[in-house]
Amino acid sequence: MDGVSLNTEPVGDEEGDYFEIEGDSVIADYVDQSGIFEGENPLPPAVGMEFESYEDVYYFYSCYAKEQGFGVRVSNTWYRKSKEKYRGKLSCSSAGFKKKSEANRPRPETRTGCPAMIKFRLMDTRRWRIIEVELDHNHLINPTSGKFYKSHKNLGVGTKRLLQLDSVEEVQKVRLFQTVVIDADHNGYLDVDEGEFGNRVDNSNQLKLNKGDALAIEDFLCQAQLTDSNFFYVLDLNEKGSLRNLFWVSSRSRAAYTYFSDVVYMDTSCLANKYQVPLVSIIGVNHHGQCVLFGCGLLAMETVESYIWLFRAWLTSVLGRPPQVIIADQHEELQIALTDVFPRASHCISLSDIMRKVPQKLRGMLEYETIEIAIFRAVYHSLKPEQFDALWEGMIQQHGLGGHKWLQELYEHRRQWVPVFMKDTFLAGVLSIVSGDVVPFFFQEYLGEHTSLKQFFEQYDQAIQSHHQLEVLADEDSKNSSLMLESRCYFEAQLCKLYTNEILEKFEREVEGMYCCFNRRKLNAEAPLMTYIVKEHVEMEGSRRDAREFEVSYNESDMEVQCNCGLFNSKGYLCRHALSVLTQNGIKEIPAQYILQRWRKDVKRNYILDYSYTTSIDTNSQIHRYDHIYRSIVQVIEEGRKSKEKYGIAVQGIKDILSKLRLGTDTSS
């Protein structure tokens, strides 16, 4: 056992239930969405916030508690054998219950077993990070009573340092930012260690910034804040106050994530290929099968801690809603971080990345070409897990590769990248079962190996607008399409009215392939479940064609059809083998459960951040009322700026609301 826990749920009277901290207490790395933390009206604690010391966590939580109107107690503090603190838990003063007293006149019970608390731990960086948060109380809290709690008696009288800036202009500029990192050692100044401001030691624990890079970052963030009211970004500073990591995401990307959050691809190719811009792109797939950006990060180092910081920043930006499936490179540190931050998601390793590495890892071997063909056959032609295992083991034995470390690792993680093991996981076409398919690089035309950070930010908006334009054009083409497919197949006619053109064209290839399927014999004819063997001539290696057998199960009563080729789960539309079985059974329309909403062209997708799925509104709280009205008005602004007509409606609507509010009489707070 590494450590022990002290202060576990104090049970004494009120005098002994508080852990008092006095003196200088500075929040060194406060990260949230509303600006500068100055001890006044702080926002709620959130998972991922970091602080310089245990005392700073207590100070921050106490400030928040005082504003909300509840007291704070130390429920747990864990110590190592060296007596060093490494973990803590702060709770509402109403947490738990007192032990029953045998006194003649015991004090009345004041606790309610309140669940509100935060947990935090000491990281390898020597900073304290909040790892769990519960904001809800099971009792009434009143901001006016916060000052009466003993845990708050010293707040505001210490030597807590505020963010110091030189001019009114600087203050106004900083307050435009939704996220500000306050650095304890530099009084709020961001030390970017840029060459144009002096010759300083190059530290690997910070972003390598050349001349003009820091100004480009600052201009980009300022401009984004001015034009995008829900733009989100987070800065991470190292122990010297230099910029180490950066994350940002636009409101459009955050809104798009609400529609396409099922599958996310973590693109770290810039780090793997040693680009000058150490970019990590978080990518999804829209209803046209196009790449859509969910967020970007710059990382100084490829460490577990850096990746964890980035993914937690992104998770905060999407209001804590993790994706269902995450696809990423094989990189060990990356995989560890993903498992840590997204424990409930399905984790997949990029198949195209692995197949791209085969020549790098194996070229030069005596029988390389034969080995490559064997890997290709095992990966793409296996229809059952045991078939893959047999083909892989045969390759290993035949070529004496039992001691090859990389191949051993691939086999150990086969359930995360081999298609035959992932047939129950929807992949939206990102992790393809077809050889040669590669996830495109989002910034393909705008970012190369030698592109500088300054150049990247100068072209960033152009890249984003280019993708937005492609989506708008595809929407219009699909909406106005009167495409009548040559085959006039019932299935095509059905999906022509529902699916976007891009997905429809891919589905058309399956319809065409349906007529290449033959010998659809029944293997099991017991109603309602029937099993068919469908043969198809497919292309093998070396342009050779071979007849392969696919197993299709069909449940007549539930209208369920499933093929062991796995195309539906991989791509999101039925394969030729399943279609041929439906046709054989006289089915003229695809069952409703196999028509996915994410591919439909008739779904209205509004890329304005919707907060309707966030926590419920407490109308008794002035803070909650303000926050909810503000967010609603932001949505009015976003809609109103789109055209003169919408602008007029928005302005008139606001005038009408103001008139009604001014006529009313407010008798409550």
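Procedures and definitions
- Residues numbered from 1 in each chain as written.
- Predicted model: local features only at pLDDT ≥ 70, side-chain atom pairs only at ≥ 80, totals over all residues.
- Heavy atoms only, no water.
- UniProt positions renumbered as here; feature names shortened; annotations may be inferred.
- Helix = DSSP H or I, 4+ residues; strand = E, 2+ residues; numbered from the N terminus.
- Core = buried A, V, L, I, M, F, W, Y, C linked by side-chain atoms within 4.5 Å.
- Buried < 20%, exposed > 50% of the residue type's maximum accessible area, 1.4 Å probe, protein only.
- Contact = heavy atoms within 4.5 Å.
- Pairing = 2+ DSSP bridges.
- Axes fitted to C-alpha atoms, helices over the stretch in contact; angles between N-to-C directions.
- Phe/Tyr/Trp six-rings, centres within 6.5 Å; stacked < 30°, edge-to-face > 60°.
- Salt bridge = Lys/Arg side-chain N within 4 Å of Asp/Glu carboxyl O.

Where an unreviewed UniProt entry is consulted, the protein chain appears under the name Protein FAR1-RELATED SEQUENCE, with the organism given as Cucumis sativus. We quote the UniProt Function (unreviewed entry) comment for the protein chain here in full: "Putative transcription activator involved in regulating light control of development." Under the Subcellular location (unreviewed entry) heading, UniProt states for the protein chain: "Nucleus".

We now examine unusual backbone geometry. Look at Lys 83: it is not a glycine, yet its phi comes out positive at around 75°. Although it is not a glycine, Met 559 adopts a positive phi angle of roughly 55°. The residue Met 559 is located in the loop between strand 16 (545–555) and strand 17 (560–563) in this model.

Core analysis: the largest hydrophobic core is formed by 108 residues, its most contacted members being Trp 248, Leu 279, Ile 375, Phe 443 and Phe 457. Ranked by residue count, the leading element in this core is helix 9 (residues 368–381), at 7 residues. Beyond its immediate chain neighbours, meaning those up to four positions away, Trp 248 contacts Phe 220, Phe 231, Phe 232, Tyr 233, Leu 279, Gly 295, Cys 296, Gly 297, Leu 298, Phe 456, Phe 457 and Tyr 460. Listed in part, the 34 residues of the second largest apolar core include Phe 260, Tyr 307, Ala 328 and Ala 337.

In this section: the pairing of strand 3 (residues 72–80). Buried residues dominate strand 3, accounting for 8 of its 9 residues. When strand 3 meets strand 4 (residues 85–92), the two strands line up antiparallel, connected through 7 bridges. Residue pairing for strand 4: Thr 77 is matched across the bridge by Gly 88. The loop that links strand 3 with its antiparallel partner strand 4 comprises 4 residues; one of these, Lys 83, has a positive phi angle of about 75°.

A separate point is the pairing of strand 13 (residues 346–349). As judged from the 4 bridges shared by strand 12 (residues 325–328) and strand 13, these two strands associate in the parallel manner. Bridge pairing in strand 13 places Val 325 opposite Ser 346.

In this section: the sheet that holds strand 7 (residues 232–237). In spatial order, the strands read 7-8-11-10-9-12-13; together these 7 strands make up an open sheet with mixed pairing. Each having just a single partner strand, strand 7 and strand 13 make up the two edges of the open sheet. Mean inter-strand twist for the sheet, computed between neighbouring axes without regard to direction, equals 20°. Bridging between strand 8 (residues 243–249) and strand 11 (residues 291–299) involves 4 bridges; their strand directions are antiparallel. Note on strand 11: the bridge partner recorded for Asn 245 is Leu 299. Where helix 6 (residues 304–317) meets the sheet, its contacts fall on strand 7, strand 8, strand 9 (263–267), strand 10 (279–285) and strand 11, and the angle it forms with strand 8 comes to roughly 30°.

This part is about the sheet that holds strand 14 (residues 517–524). Spatially, the 4 strands line up as an open sheet ordered 14-15-16-17, and their pairing is antiparallel. The two strands at the open ends of the sheet, each matched to only one other strand, are strand 14 and strand 17. The average angle at which neighbouring strand axes cross in this sheet is 25°, direction not considered. Alignment of strand 15 (residues 529–539) against strand 16, held across 11 bridges, turns out to be antiparallel. The residue bridging Tyr 532 from the neighbouring strand is Val 552, located in strand 16. Across the sheet, helix 16 (residues 576–584) is in contact with strand 14, strand 15, strand 16 and strand 17; its angle to strand 15 comes to roughly 130°.

The next subject is the packing of aromatic side chains. All told, the structure shown has 37 aromatic pairs when counted by the stated rule. Aromatic side chains Trp 392 and Tyr 411 sit 6.3 Å apart centroid to centroid with 25° between the ring planes, which places their arrangement in the stacked category. Note that Trp 392 is positioned in helix 10 (residues 385–399) and Tyr 411 in helix 11 (residues 405–412), a separation of 19 residues in sequence. An angle of 70° between the planes, with centres 6.3 Å apart, marks the rings of Trp 392 and Trp 417 as edge-to-face. Here Trp 417 lies in the loop between helix 11 and helix 12 (453–480) and Trp 392 lies in helix 10, a separation of 25 residues in the sequence. You can call Trp 392 buried: its relative accessible area is 3%.

This part takes up the environment of Gln 408. As for its position among the elements, Gln 408 is in helix 11. When neighbours within four sequence positions are excluded, Gln 408 is seen to be in contact with Gly 402 and Gly 403.

As annotated by UniProt and renumbered to match this structure, "domain: SWIM-type" (unreviewed entry) occupies residues 550–586. Regarding residues 550–586, the helix share stands at 38% and the strand share at 27%, and the terminal C-alpha atoms are separated by 20 Å.

Now for the pattern of salt bridges. Overall, the coordinates contain 21 salt bridges when judged by the stated rule. When the shortest N-O distance is used, the salt bridge between Arg 252 and Glu 471 registers 4.0 Å. Here Arg 252, found in helix 4 (residues 251–259), pairs with Glu 471, found in helix 12; they are 219 residues apart in sequence, far enough to count as distant. Looking at Arg 252, the relative accessible area reads 24%, which means it is partly exposed. The closest approach of N and O atoms between Arg 414 and Asp 389, which form a salt bridge, is 3.4 Å.

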